[in-house]
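Topology and contacts: notes
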Amino acid sequence: MNILILGGGGREHSLAWAVMQNPKCDRLFVAPGNAGIAQIAECAALDIENGAAVVNFCDGNAVDFVIVGPEAPLAAGVADRLREAGLTVFGPSAEAARLETSKTFTKEICAAAGVPTADWAHFTDADAAKIHVRAQGAPIVVKADGLAAGKGVVVAETVEAAERAIDEMFAGAFGDAGAEVVIEECMTGEEASFFVLCDGETALPVGTAQDHKRAGEGDTGPNTGGMGAYSPAPVLTEAVARRVMERIIHPTLAEMARRGTPYRGVLYAGLMIEDARPRLVEYNVRFGDPECQVLMMRLGAQALDLMQAAAEGRLEGTRVSWAEDHAMTVVMAARGYPGAYEKGEVIGGLEDCPEDSFNMVFHAGTAERDGRIVAAGGRVLNVTARGATLGEARDRAYAMVDCIDWPGGFCRRDIGWRAL
Ligand code: AMP
Ligand code: GLY
């Protein structure tokens with residue numbers, strides 16, 4: 001089978017790594033890929049948000065199966081174009097991807113399906129939004145409605161901060177994503193992520209994770225795309241996970257199917273769990289980054305069979321074979337991230353890191369220059385390990401971090417502290 005993965009970050013490197021371990025995979029293409037991916041697959045320069053270009057590439061390279069990594073091509077309808085062209089594709093339609101691209105849509109689905117989530121209201125003008133905020137009081141959450149690359153959410157501790165956020169969003173701080181604003185009740189509890197594969201009808205849980213969004217140790221400092229993650233999430237016990245399936249996942253999928261837009265692909269539920277009661281924070285229509293890296297580390301080669309079963313509508317009866325293991329990934333980022341940072345510095349020591357089914361350095365933002373790996377993004381490396389315990393996974397991951405010679409990089413030293 002020839003496979004194409006769309007995307008070029010650490011998530012896609014881990015997907016490529018898992019897929020390559022499966023003997024079913026003949027040729028693997030990744031578009032656009034990165035310097036780490038280029039060591040295990042064929043990278044292709046391709047506009048991945050252009051459905052016709054992706055279909056063309058698949059025709060020209062006898063691709064049988066396409067795995068879509070990020071949300072942008074899904075929102076652009078690339079999965080729809082591929083399905084229309086008769087290809088097997090892992091990823092939802094643009095209509096089903098609204099579970100990520102529109103917070104209002106998700107709230108409407110929750111209301112229709114009885115899914116527990118924060119109380120909310122939707123506004124298209126700033127004055128009405130501010131009147132609502134004053135009536136509700138703080139803390140309160142202000143969100144830009146559309147896709148804002150994870151940055152359109154302000155958890156406001158005071159009414160004044162909420163009003164400021166409202167003004168910024170309507171002034172265009174997040175572009176079109178802020179033309180509509182959702183104001184939400186601030187939920188308390190512990191956050192965790194829950195991942196299920198879906199084939200339109202059946203849902204198969206493929207793991208849980210927790211990540212660290214803040215740049216600084218002790219979960220302080222500015223928000224980022226994620227500085228590290230671990231799997232499983234201790235807060236998602238078997239009983240809580242069962243509740244998530246019964247009260248959140250199954251009702252959502254049933255409502256999507258009822259509307260004639262069945263969900264196919266991976267559904268990533270961001271949850272808030274308090275006293276063993278899970279509530280939905282948000283949905284994403286793709287794997288998390290860096291959560292995917294720890295899931296792939298644990299699933300290995302079977303990830304391909306599972307994604308293919310989801311894409312082909314064969315999930316019923318499919319099982320995940322779990323080892324009782326734990327995985328952790330530590331993000332190495334360029335100093336300054338999530339603010340301004342430098343690119344181009346050479347990263348040494350990678351050749352001294354082990355590469356096996358317990359240890360892997362996934363590349364997120366790297367490039368190759370004169371045969372050497374250089375930093376080419378904010379989040380640059382995802383140093384990932386697996387062990388019988390989370391402590392063992394952590395020790396392996398940080399041992400690799402210590403092999404890497406990159407003066408311009410930094411990482412948090414406390415990934416997993418809550419669970420350890
Ligand atoms: P989102 O983009 O919706 O995932 O929001 C980003 C982050 O903001 C979440 O991971 C939470 O930490 C926080 N957040 C979002 N909505 C709420 C809420 N209603 N209550 C508390 N925290 C929230
Ligand atoms: N790590 C959070 C996300 O992928 O949305």
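Residues numbered from 1 in each chain as written. Chains lettered and ligands numbered in written order. Predicted model: local features only at pLDDT ≥ 70, side-chain atom pairs only at ≥ 80, totals over all residues. Heavy atoms only, no water.

Some details on the site of ligand 2
D211, G225, Y268, R286, G288, D289, P290 and E291 make up every residue found near ligand 2. Separating an oxygen atom of ligand 2 from a side-chain N or O atom of R286 is a distance of 2.9 Å. A distance of 2.9 Å separates a nitrogen atom of ligand 2 from a polar atom in the side chain of E291. Against a free-state accessible area of 200 Å², the protein chains account for coverage of 86% of ligand 2. Classifying every residue of the shell around ligand 2 gives two nonpolar, two polar and four charged. (Near = heavy atom within 4 Å. Polar contact = N/O pair within 3.5 Å; in protein donor to acceptor, adjacent residues only side chain to side chain. Areas by Shrake-Rupley, 256 points an atom, 1.4 Å probe, with all protein chains shown as cover. Nonpolar A, V, L, I, M, F, W, Y, C, P; charged D, E, K, R; others polar.)

Structural notes on the packing of aromatic side chains
Considering all chains together, one arrives at five aromatic pairs under this definition. With a centroid separation of 5.3 Å and 90° between ring planes, the pair formed by F29 and F57 is classed as edge-to-face. Of the two residues, F29 is situated in strand β2 (residues 28-32) and F57 in helix α2 (residues 51-60); the sequence distance between them amounts to 28 residues. Geometrically, the ring pair formed by F90 and F287 is stacked, given 6.3 Å between the ring centres and 25° between the ring planes. One end of the pair, F90, is in strand β5 (residues 88-90); the other, F287, is in the loop between β16 (277-284) and α10 (291-299), with 197 residues separating them in the sequence. For the pair F90 and F287, one class covers both residues: buried. One aromatic cluster is present, built from ring pairs that chain together F90, F195, Y268 and F287. (Phe/Tyr/Trp six-rings, centres within 6.5 Å; stacked < 30°, edge-to-face > 60°. Helix = DSSP H or I, 4+ residues; strand = E, 2+ residues; numbered from the N terminus. Buried < 20%, exposed > 50% of the residue type's maximum accessible area, 1.4 Å probe, protein only.)

Thoughts on the pairing of strand β14 (residues 228-231)
Working note: regular strand, side chains alternate between the two faces of the sheet. Residues G228 and Y230 line one face of β14 and the alternating positions A229 and S231 line the opposite face, and both faces are buried. Judged from the two bridges that link them, strand β11 (residues 203-211) and β14 form a sheet pairing that is antiparallel. Considered in β14, the bridge of D211 is made with A229. (Pairing = 2+ DSSP bridges.)

Here we look at unusual backbone geometry
Among all residues except glycine, the phi angle is most often negative; among peptide bonds, the trans geometry is most common. Residue P139 is reached from A138 by a cis peptide bond, and omega for that bond is -5°. A cis geometry characterises the amide bond from Y337 onward to P338, with omega recorded as 10°. Mapped onto the elements, P338 comes out in the loop between β17 (326-334) and β18 (359-363). Of note, A276 is a non-glycine position whose phi angle comes to about 65°, a positive value. Residue classification places A276 among the partly exposed residues on the basis of a relative accessible area of 34%. Positive phi, normally seen in glycine, also occurs at D370, with a value near 50°. Within the fold, D370 resides in the loop between β19 (366-369) and β20 (372-375). Accessibility expressed as a relative area gives 75% for D370, which makes it exposed.

Here's the deal with helix α8 (residues 159-170)
Relative to the 16 Å expected for twelve residues at 1.5 Å per residue, α8 spans 17 Å between its end C-alpha atoms, a close match to the ideal helical length. V159, A161, A162, E163, A165, I166 and M169 are the residues of α8 that are buried. Looking at the buried residues of α8, the elements they touch are α7 (126-136), β7 (140-144), β8 (153-156) and β9 (181-185). Two residues or fewer after α8 comes G172, characterised by a positive phi angle close to 100°. (Expected span 1.5 Å × (residues − 1). Contact = heavy atoms within 4.5 Å.)

Everything listed here is a matter of geometry and, on its own, says nothing about what the molecule does.
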